Amino acid sequence: MTAVITTIDPSKPMVAICFDDGAVGSSSDSTSMRIINAIANEGFRATFFYVGNWINSTDKENEVKYAYSKGMEIANHSTSHPDLTTKSASEIRSEYDITQQKLRDIIGAEPAALMRLPYFACNSAVQSALSDVSLITCSIDTQDWNGATSDQIIARIKAAMNDGSLDNSIVLCHDTYASTAEAIEYLAPYLKEQGWQIVTVSELFEANGKTLEGGNVYTRCN
């Protein structure tokens, strides 16, 4: 299975809209599939952060494979979604390693060396235990997890476009909400029409000539 290769234009504005919570559902109209297709249909890619324990069926594994086949970046959101700051060094490492291996087995390739921090919780122990992993939070939270409607998500992104904060930002979304799927189905073509690019976290930094360092926490590409 070969990932789609897209060309990023560094001269154009870009945003890494990312999706947490892992693959859900089993039908072509599930929220995950709707989001993947909406992004891929515009020639864009995004990063999907998966919780290992929540990929617990063949259907869910197939959605991870499908995301990868469409060029999405496959990354780690821990194994059991704990507050990592309450865990020992070995437990923190295990939370990453177990899911990294699971994703590796599913897609037949190396997942990105990224972790979306559960609850954005981080301290020096987490950074030390994951010194070879880039730790990702966000600079824009769509609040989809907090009941934001599709219109509110769209308005949040448009406001960030207008005030300049969207460019080179990392945006938090979840692939488990119909409101998010509806918003992305609107935003992907809209952003393209406006000259924007939706990119993966790795693409965001590469296009800007920046290096993602292990053990560092990133909210955006400055």
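Refer to the structure presented above.
Source: prediction; values computed, not measured.

Enquirer: Sorry if this is basic, but what is going on with the overall build of the protein here?
Expert: Scanning the protein from terminus to terminus reveals seven helices and nine strands. On C-alpha atoms alone, the protein measures out to a radius of gyration of 16 Å, which is about the 17 Å that the 2.2 N^0.38 rule sets for 222 residues. The dimensions of the protein, computed from C-alpha atoms along their principal axes, are 45 × 40 × 35 Å. Taken across its 222 residues, the protein has 51% of its residues classed as buried. Considering only residue pairs separated by 6 or more positions, the protein has 79% of its internal contacts joining residues 24 or more positions apart. In the structure as shown, the protein presents an accessible area of about 9200 Å², 46% of it carried by carbon and sulfur atoms.

Enquirer: Teacher, can you tell me more about the pattern of salt bridges here?
Expert: Side chains carrying opposite charge are able to pair once their charged atoms draw close together. Following the criterion strictly, the structure yields seven salt bridges and no others. With a closest N to O distance of 2.7 Å, Arg 45 and Glu 203 form a salt bridge. Note that Arg 45 is positioned in the loop between α1 (31-41) and β2 (47-50) and Glu 203 in helix α7 (residues 201-207), a separation of 158 residues in sequence. The two residues Arg 45 and Glu 203 agree in class, both being buried. When the shortest N-O distance is used, the salt bridge between Asp 132 and Arg 93 registers 2.7 Å. Linking Asp 132 in the loop between α4 (124-129) and β5 (134-136) with Arg 93 in helix α3 (residues 89-107), this pair joins segments that are 39 residues apart in sequence. Since its relative accessible area comes to 46%, Asp 132 is described here as partly exposed.

Enquirer: Whenever I open this one, α3 confuses me. Can you help?
Expert: In an α-helix, one turn spans 3.6 residues; hence positions three or four apart end up facing the same way. A rise of 1.5 Å per residue sets the reference length of α3, with its 19 residues, at 27 Å; its end C-alpha atoms lie 27 Å apart and thus fit the reference within 8%. Turning to α3, its buried residues number three or more, namely Ile 92, Glu 95, Tyr 96, Thr 99, Gln 100, Leu 103, Ile 106 and Ile 107. Along the long axis of α3, the arc covered by the buried residues comes to 125°, so they all point the same way. Exposed residues pointing more than 90 degrees away from the buried face of α3 are listed as Ala 89, Ser 90 and Asp 105.

Enquirer: Looking at this model, I keep getting lost on unusual backbone geometry. Mind explaining?
Expert: As a rule of thumb, non-glycine residues mostly have phi less than zero, and peptide bonds are mostly trans rather than cis. Located in the positive-phi region is Gln 143, a residue other than glycine, with phi close to 65°. In this fold, Gln 143 is placed in the loop between β6 (140-141) and α5 (150-163). Phi angles above zero are rare outside glycine, and Asn 168 is one such case at about 65°. Its place among the elements puts Asn 168 in the loop between α5 and β7 (170-174). A relative accessible area of 14% means that Asn 168 is categorised as buried.

Enquirer: I keep staring at the state of the cysteines and nothing clicks. Help me out?
Expert: Disulfide: a covalent bond formed between the sulfur atoms of two cysteine residues. On inspection of all chains with the given rule, the structure shows zero disulfides. Note on Cys 138: no disulfide assigned, nearest cysteine sulfur contributed by Cys 18 at a separation of 8.9 Å. Of the residues examined, Cys 138 reaches a relative accessible area of 12% and is grouped as buried. Between Cys 221, a cysteine without a disulfide, and Cys 18, which holds the nearest cysteine sulfur, the sulfur-to-sulfur distance is 12 Å. When its relative accessible area of 2% is taken as the criterion, Cys 221 is described as buried.

Enquirer: I keep staring at the packing of aromatic side chains and nothing clicks. Help me out?
Expert: For any pair of aromatic rings, geometry is given as the distance between the ring centres together with the angle between the planes. Scanning the model with the defined rule gives four aromatic pairs in all. Judged by centre distance (5.0 Å) and plane angle (25°), the ring pair of Phe 19 and Phe 48 falls under stacked. With Phe 19 in strand β1 (residues 14-20) and Phe 48 in strand β2, this residue pair connects regions lying 29 residues apart in the sequence. For the pair formed by Phe 19 and Phe 48, the shared burial category is buried. Note on Phe 48 and Tyr 50: the rings are 6.4 Å apart at their centroids and 20° apart in plane angle, and the pair reads as stacked. The class for Phe 48 is buried, based on a relative accessible area of 1%.

Enquirer: Just checking my understanding: could you explain the nonpolar core for this structure?
Expert: A general trend in soluble globular proteins is that nonpolar side chains are found buried together. Among the nonpolar cores identified, the biggest contains 39 residues, and Ile 17, Phe 19 and Leu 166 are the most heavily contacted of them. Elements that contribute at least two residues to this core include exactly β1, α1, β2, α2 (58-69), α3, α5, β7 and α6 (178-193). The element that contributes the greatest number of residues to this core is α6, accounting for seven residues. When near neighbours in sequence (up to four residues on either side) are disregarded, Leu 166 contacts Met 14, Val 15, Ile 140, Ile 157, Ala 160, Met 161, Val 171, Leu 191 and Trp 196. Among the nonpolar cores identified, the runner-up in size contains 17 residues, and Phe 49, Ala 75, Val 199 and Leu 204 belong to it.

Here is what the cut-offs are and how they apply
Residues numbered from 1 in each chain as written. Predicted model: local features only at pLDDT ≥ 70, side-chain atom pairs only at ≥ 80, totals over all residues. Heavy atoms only, no water. Helix = DSSP H or I, 4+ residues; strand = E, 2+ residues; numbered from the N terminus. Rg over C-alpha atoms; globule rule 2.2 N^0.38 Å. Buried < 20%, exposed > 50% of the residue type's maximum accessible area, 1.4 Å probe, protein only. Contact = heavy atoms within 4.5 Å. Areas by Shrake-Rupley, 256 points an atom, 1.4 Å probe, with all protein chains shown as cover. Salt bridge = Lys/Arg side-chain N within 4 Å of Asp/Glu carboxyl O. Expected span 1.5 Å × (residues − 1). Arc of directions from axis to C-beta. Disulfide = S-S within 2.5 Å. Phe/Tyr/Trp six-rings, centres within 6.5 Å; stacked < 30°, edge-to-face > 60°. Core = buried A, V, L, I, M, F, W, Y, C linked by side-chain atoms within 4.5 Å.

Note that all results are geometric; they support no functional claim without further evidence.
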